[in-house]
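Chain by chain, the residues:
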Amino acid sequence: MSEVIETSDVGAGDNSMLAFDVERVRADFPILEQTVYGKPLVYLDNAASSQKPRQVIEAMNQAYETYYSNVHRGVHRLSQLSTDHFEAARQKAASFLNAASEKEIVFTRGATEAINLVATCYGRAFLQAGDEIVISHMEHHSNIVPWQLLRDQIGIELKVVPIDDDGQLMFEDYERLLSPRTKMVAMTHVSNALGSIVPIKDVIARAHEMGAAVLVDGCQAVPHMKVDVQDLDADFYVFSSHKLYGPTGIGVLYGKSDLLNAMPPYQGGGEMITTVTFEHSGYKSAPHRFEAGTPAIVEAIGLGTAIDYVTAIGMDNITAHESGLLAYATERLSQIPGLEIHGRAREKASIVAFVMKSAHAHDIGTIVDRAGVAVRAGHHCAQPVMARYGVSATARASFGIYNRRQEVDVLAAAIGQVREIFG
Ligand SMILES: Cc1ncc(COP(=O)(O)O)c(C=O)c1O
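Residues numbered from 1 in each chain as written. Predicted model: local features only at pLDDT ≥ 70, side-chain atom pairs only at ≥ 80, totals over all residues. Heavy atoms only, no water.

Below, the discussion takes up the packing of aromatic side chains. The final tally for this structure, using the stated rule, is 10 aromatic pairs. Where Phe-29 meets Tyr-402, the ring centres are 4.7 Å apart and the plane angle is 70 degrees; that geometry is what we call edge-to-face. Taken as a pair, Phe-29 in the loop between helix H1 (22-27) and strand E1 (35-36) and Tyr-402 in the loop between strand E17 (394-398) and helix H14 (405-422) lie far apart in primary sequence, 373 residues in all. For the pair Phe-29 and Tyr-402, a shared accessibility class is recorded, and that class is buried. Ring geometry for Phe-171 and Tyr-174: centres 5.5 Å apart, planes at 65 degrees, overall edge-to-face. On the criterion of helical spacing, the pair formed by Phe-171 and Tyr-174 is a turn pair, its members being 3 residues apart in helix H6 (residues 171-177). When its relative accessible area of 0% is taken as the criterion, Tyr-174 is described as buried. These aromatic residues form a ring-pair network of at least three members: Phe-29, Tyr-245, Tyr-309 and Tyr-402. The positively charged end of Arg-370 is found above the aromatic ring belonging to Tyr-37, 4.0 Å away from the centroid. (Phe/Tyr/Trp six-rings, centres within 6.5 Å; stacked < 30°, edge-to-face > 60°. Helix = DSSP H or I, 4+ residues; strand = E, 2+ residues; numbered from the N terminus. Buried < 20%, exposed > 50% of the residue type's maximum accessible area, 1.4 Å probe, protein only. Lys NZ or Arg CZ within 6 Å of the ring centre and 35° of its normal.)

The structure is reproduced here in C-alpha cells:
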C-alpha cells in the first residue's frame, strides 16, 4: 500500500482504552445528544441498525472532502489514494474476521446481497435437483427467501431445523436432518428475533462431516462478539456494516479462497474482468470477480473506520458490557406483570423480544416512543419465528455499546405506562 491519510483518532477518544467507559463511548455518538418529545433519546433499536460514531462520520466526510475519486482504474493521485483507503478497509474487514487473506473479503451492498450472491453463484454451480439445504427455524427472511428462489429454479429441497420453546436450536434434530444429500447449511449465528446464540462451530463441524458447505449469517453476531472465521471453519460468513456502527449500503461476504475462485461471477460489468471481446470475457479472481461496477467506496471506508472503532474498544469489553445490560433488562422486564419475553436461550446476545397480554406490539412501540424510547415492533423479518410462538409481532429492545442501565429503567417505566393505558 503506497499511502493512506491518517484518519482522526478512533476508539472512544483514544486507542488505548483499558476499561470500558460507556459515557466516553456515548460522547462519540452525536445523535444520542438529542431529545425526542422532550425526553432524552433512548435508542434500543440496534438490531435493526445502530448509530454512527463521530469517527465514522468524519472519516467519510474526510474522504469526500480530500481524496475522493473512483477506485482501481485511475493513474492519478486521488484515484490512488481512494484505492488505497478502499483496499485498506478490505484488509481491516479481513483482520476483524481473522480471514486468512483480504482476498477472501468481498464487498456487497449488505448481508442480504451477500447471501443472494452465494445462493446464486455457489448454488447454481454446485447444487442440483435433489440436493438439500438445511436452515433453521429462526432465520431472517434474507436467509430463507434466496434459498427458496434457488429451490424453485433448480429443484433442491429445504430442510428446517426446529427450535425449542426457549428459542434454542434443537441440535439433535439438526444432526438427524443432515444426510449425504445435504450440500449446504445456511444458518444464523445469532437470531435477530430472539437473541439466541447458535452453537455455530458445532453446526459447522457436523455439516463438514457430511461434506456440506456452511454459510453463516453473522449480522447479529459481529456487533456483539469476537468472530474468527478460521477458528469456526466457516465456508462463508456474511454481515452488514450498518449494524456494526458503520454506514448503510455496504456489507461483507467472507468466503474461503478456493470456494470463491471456483464460483462464477455474480454480476457482469466493469472491474470484474481481465479481458473482454465480443466472443469472450475473462474474469478476475476473487474478490474483484464479484464486485462489478463502481463499488460503495466511501461506505467501505466508513466500515473500515467502524471496525477500527469497535476493535479499539475491544470486542470482549463490548460483550461484557452488553451481557450486563441483557441480564439487567431481562430481570427488570420479567418483573412486569403480563409481559412475556420471547427467547430465553442460555446463550444470548443483547436482544430482548417481548409481548404483553393487554397490548399489541405496535401499541407498545408507539407508547414507549412518547417516552423517548426507540424499540422495534413487528415480525422483525422473521415471520416463521412469530408463527412458532403463535404471535404476529413482538416488541424488541436491542442494546448496543452506548446503552446504559438507566435506559433499561426508562424502558421499564415506559412499559409501565403501557400497562396503565391497556391494563
Ligand atoms: C440476522 C439477520 N440477517 C440478515 C439481515 C439482513 O441485513 P441487511 O438488511 O442489512 O441486508 C438482518 C437484518 O436485520 C438480520 O438481522
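Below, the discussion takes up the sheet that holds strand E14 (residues 351-356). Ordered by their spatial adjacency, 4 strands build an open sheet running E13-E14-E17-E16, and the pairing between neighbours is antiparallel. At either end of the open sheet lies a strand with only one pairing partner, and these are strand E13 (339-342) and strand E16 (376-378). This sheet shows a mean twist of 30 degrees between the axes of neighbouring strands, independent of strand direction. Of the pairings in the sheet, the one linking E13 to E14 comprises 4 bridges and is antiparallel in character. Within E14, the residue paired with His-342 across the bridge is Ala-353. Seen against the sheet, H14 touches E13, E14 and E17 and runs at an angle of roughly 15 degrees to E14. (Pairing = 2+ DSSP bridges. Axes fitted to C-alpha atoms, helices over the stretch in contact; angles between N-to-C directions. Contact = heavy atoms within 4.5 Å.)

When its domains are assigned, the protein resolves into domain 1 (77-311) and domain 2 (314-422). Using C-alpha coordinates to define each centre, domain 1 is positioned 28 Å away from domain 2. Facing 31 residues of domain 1, the contacting portion of domain 2 comprises 32 residues. Taking both sides of the interface into account, the surface hidden between domain 1 and domain 2 amounts to around 2,600 Å²; carbon and sulfur atoms contribute 56%. Of all residues in domain 1, the largest losses of buried area upon contact with domain 2 belong to His-141, Leu-194 and His-224, amounting jointly to 23% of the total for that side. At the surface where domain 1 touches domain 2, the tally comes to 2 salt bridges. When the shortest N-O distance is used, the salt bridge between Arg-388 and Asp-165 registers 2.8 Å. The tally of links from domain 1 across to domain 2 stands at 23 residue pairs in polar contact (both at pLDDT 80 or more). (Domains from an automatic or database assignment. Buried area = accessible area lost by both parts, 1.4 Å probe. Salt bridge = Lys/Arg side-chain N within 4 Å of Asp/Glu carboxyl O. Polar contact = N/O pair within 3.5 Å; in protein donor to acceptor, adjacent residues only side chain to side chain.)

Attention shifts here to the site of the ligand. Surrounding the ligand, one finds Ala-111, Thr-112, His-140, Ser-142, Thr-188, Asn-192, Asp-217, Cys-219, Gln-220, Ser-240, His-242 and Lys-243. Taking Thr-112, its side chain carries an N or O atom lying 2.5 Å from an oxygen atom of the ligand. Measuring from a nitrogen atom of the ligand, one finds a side-chain N or O atom of Asp-217 at 2.5 Å. When the residues that make up the shell around the ligand are grouped by side-chain class, the tally is 2 nonpolar, 8 polar and 2 charged. (Near = heavy atom within 4 Å. Nonpolar A, V, L, I, M, F, W, Y, C, P; charged D, E, K, R; others polar.)

Inspection of the entire model under this criterion finds 0 disulfides. Counting only cysteine sulfurs, Cys-219 is the nearest neighbor of Cys-381, a cysteine outside any disulfide, at a range of 11 Å. (Disulfide = S-S within 2.5 Å.)

So, on to the environment of Ala-234. Structurally, Ala-234 can be placed in the loop between helix H8 (229-232) and strand E9 (236-240). When the C-alpha atoms of Ala-234 and Ser-179 are compared, they prove to be 19 Å apart, with 55 residues separating the residues in sequence. Excluding residues within four positions of it along the chain, Ala-234 makes contact with Ile-204, Val-214, Val-216, Val-229, Tyr-254 and Lys-256.

A separate point is helix H3 (residues 77-97). Along its 21 residues, H3 runs 31 Å from first to last C-alpha, staying within 8% of the 30 Å computed at 1.5 Å per residue. Positioned one or two residues after H3, Asn-98 has a phi angle of 55 degrees, which is positive. (Expected span 1.5 Å × (residues − 1).)

Okay, the nonpolar core next. Leu-97, Val-185 and Tyr-237 are the most contacted members of the largest nonpolar core, which has 75 residues in total. For this core, the leading source of residues is helix H10 (residues 297-313), giving 10 residues. Both domains that furnish three or more residues to this core are identified here as domain 1 (77-311) and domain 2 (314-422). Those residues within four positions of Tyr-237 in sequence are excluded, and the remaining contacts are Leu-97, His-189, Val-216, Gly-218, Ala-221, Val-222, Val-227, Val-229, Leu-232, Val-252, Leu-253 and Tyr-254. Membership of the second largest hydrophobic core comes to 31 residues, among which are Leu-44, Leu-326, Val-368 and Ala-395. (Core = buried A, V, L, I, M, F, W, Y, C linked by side-chain atoms within 4.5 Å.)

Now for unusual backbone geometry. In this chain, Ala-286 is followed by Pro-287 through a cis amide linkage whose omega measures 5 degrees. On the secondary structure map, Pro-287 appears in the loop between strand E12 (281-283) and H10. Phi at Asp-233 is positive, roughly 65 degrees, even though this residue is not glycine. Tracing the chain through its elements places Asp-233 in the loop between H8 and E9. Despite not being glycine, Glu-271 shows a phi value in the positive range, around 80 degrees. With respect to the element layout, Glu-271 can be found in the loop between helix H9 (257-262) and strand E11 (273-276).

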